[in-house]
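# Residue-level structure breakdown
Chain by chain, the residues:
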Amino acid sequence: MWKYESDIGPLRIGRLPDGRYLLVCLGDECGTYIDPWAAADDAFTQTTGSARWDSYADLDDVPSDLSAWERQAGSG
């Protein structure tokens, strides 16, 4: 699992049993992805499907790629 603590709340990306990755923004399950980099990109571009996340106007602290997220031990 990867996590990022943004100015407005947490982002999480975790691996599902089927091998896909789930993006969670502010507690909302936003969608599944073939890889975690695609999920991180949607969080950065605010195209997650979460109305709260995608509509936040002053969001400027989210990294543009997964390398700046914190990786949790033992995660996908």
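Residues numbered from 1 in each chain as written. Predicted model: local features only at pLDDT ≥ 70, side-chain atom pairs only at ≥ 80, totals over all residues. Heavy atoms only, no water.

Looking at the protein chain, pLDDT values average 90 and 96% of them are 70 or higher. Model confidence for the protein chain, summarised as mean pLDDT per element, is weakest for helix 2 (residues 51-54) at 89 and strongest for strand 3 (residues 21-25) at 97. (pLDDT = per-residue confidence, 0-100. Helix = DSSP H or I, 4+ residues; strand = E, 2+ residues; numbered from the N terminus.)

If you walk through the whole model with that rule in mind, you get 2 salt bridges. Here Glu5 and Arg12 are joined by a salt bridge, their closest N and O atoms 3.0 Å apart. Arg52 is the salt-bridge partner of Asp28, the closest N and O atoms lying 3.3 Å from each other. Of the two residues, Asp28 is situated in strand 4 (residues 28-33) and Arg52 in helix 2; the sequence distance between them amounts to 24 residues. Among the residues examined, Arg52 registers a relative accessible area of 47% and is labelled partly exposed. (Salt bridge = Lys/Arg side-chain N within 4 Å of Asp/Glu carboxyl O. Buried < 20%, exposed > 50% of the residue type's maximum accessible area, 1.4 Å probe, protein only.)

Another aspect to go through is the sheet that holds strand 1 (residues 2-5). Pairing between the strands of a sheet is mediated by backbone hydrogen bonds and can be parallel or antiparallel. Strand order in the open sheet made by the 5 strands is 4-3-2-1-5, with antiparallel pairing throughout. Strands with a single pairing partner mark the edges of an open sheet, and in this sheet they are strand 4 and strand 5 (70-71). Relative to strand 3, strand 2 (residues 10-15) is paired through 5 bridges, and the arrangement is antiparallel. What sits directly across from Leu11, in strand 3, is Cys25. In the packing of helix 1 (residues 36-45) onto the sheet, the strands contacted are strand 1, strand 2, strand 3 and strand 4, and the crossing angle to strand 2 comes to about 160°. (Pairing = 2+ DSSP bridges. Contact = heavy atoms within 4.5 Å. Axes fitted to C-alpha atoms, helices over the stretch in contact; angles between N-to-C directions.)

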